[in-house]
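Reading the structure
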Amino acid sequence: MGNQLFQEARRFVEMARSANPADLDSAVAKAKNALSSAYANSTVAEQAQLRQMQEELDQIK
């Protein structure tokens, strides 16, 4: 099944990638919140992936 918070963070990052310009700020904020929630409960490998997603979000905005 995997880490539910990690999966949710991945889903929110995907939503931010495809968000309309008008919704971008909100989508990025939700994705960052999900990443933050997932980080503490993740394995080292998942944390590395979460950091990559965070960097991607920083470039989107």
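What this report covers is the structure whose coordinates are included nearby. Quick caveat: nothing in here was measured; it's all calculated off a predicted structure. (Residues numbered from 1 in each chain as written. Predicted model: local features only at pLDDT ≥ 70, side-chain atom pairs only at ≥ 80, totals over all residues. Heavy atoms only, no water.)

Applying the stated criterion to the full structure yields zero aromatic pairs. Taking NZ or CZ as reference, Arg 11 lies 4.8 Å from the ring centre of Phe 12, over its face. (Phe/Tyr/Trp six-rings, centres within 6.5 Å; stacked < 30°, edge-to-face > 60°. Lys NZ or Arg CZ within 6 Å of the ring centre and 35° of its normal.)

With 16 residues, helix α2 (residues 24-39) ought to run about 22 Å at 1.5 Å a step, and its terminal C-alpha atoms sit 22 Å apart, in line with that. Every buried residue of α2 is accounted for by Leu 24, Ala 27, Val 28, Ala 31, Ala 34, Leu 35 and Ala 38. Taken end-on, α2 shows its buried residues confined to a sector of 125 degrees, consistent with a single buried face. Turned more than 90 degrees off the buried face of α2, the exposed positions are Asn 33 and Ser 36. Of the surrounding elements, those touching the buried residues of α2 are α1 (4-17) and α3 (44-60). (Helix = DSSP H or I, 4+ residues; strand = E, 2+ residues; numbered from the N terminus. Expected span 1.5 Å × (residues − 1). Buried < 20%, exposed > 50% of the residue type's maximum accessible area, 1.4 Å probe, protein only. Arc of directions from axis to C-beta. Contact = heavy atoms within 4.5 Å.)

To continue, consider α1. In a regular helix each residue adds 1.5 Å, so 14 residues correspond to 20 Å; α1 covers 20 Å between its end C-alpha atoms and thus fits that length. Within α1, the full set of buried residues consists of Phe 6, Ala 9, Phe 12, Val 13 and Ala 16. One side of α1 holds all its buried residues, which, seen down the axis, span an arc of 125 degrees. Of the surrounding secondary structure, the elements contacted by the buried residues of α1 are α2 and α3. Near the N-terminus of α1, the side chain that reaches the backbone nitrogen of Leu 5, with its oxygen 3.0 Å away, is that of Asn 3. (Polar contact = N/O pair within 3.5 Å; in protein donor to acceptor, adjacent residues only side chain to side chain.)

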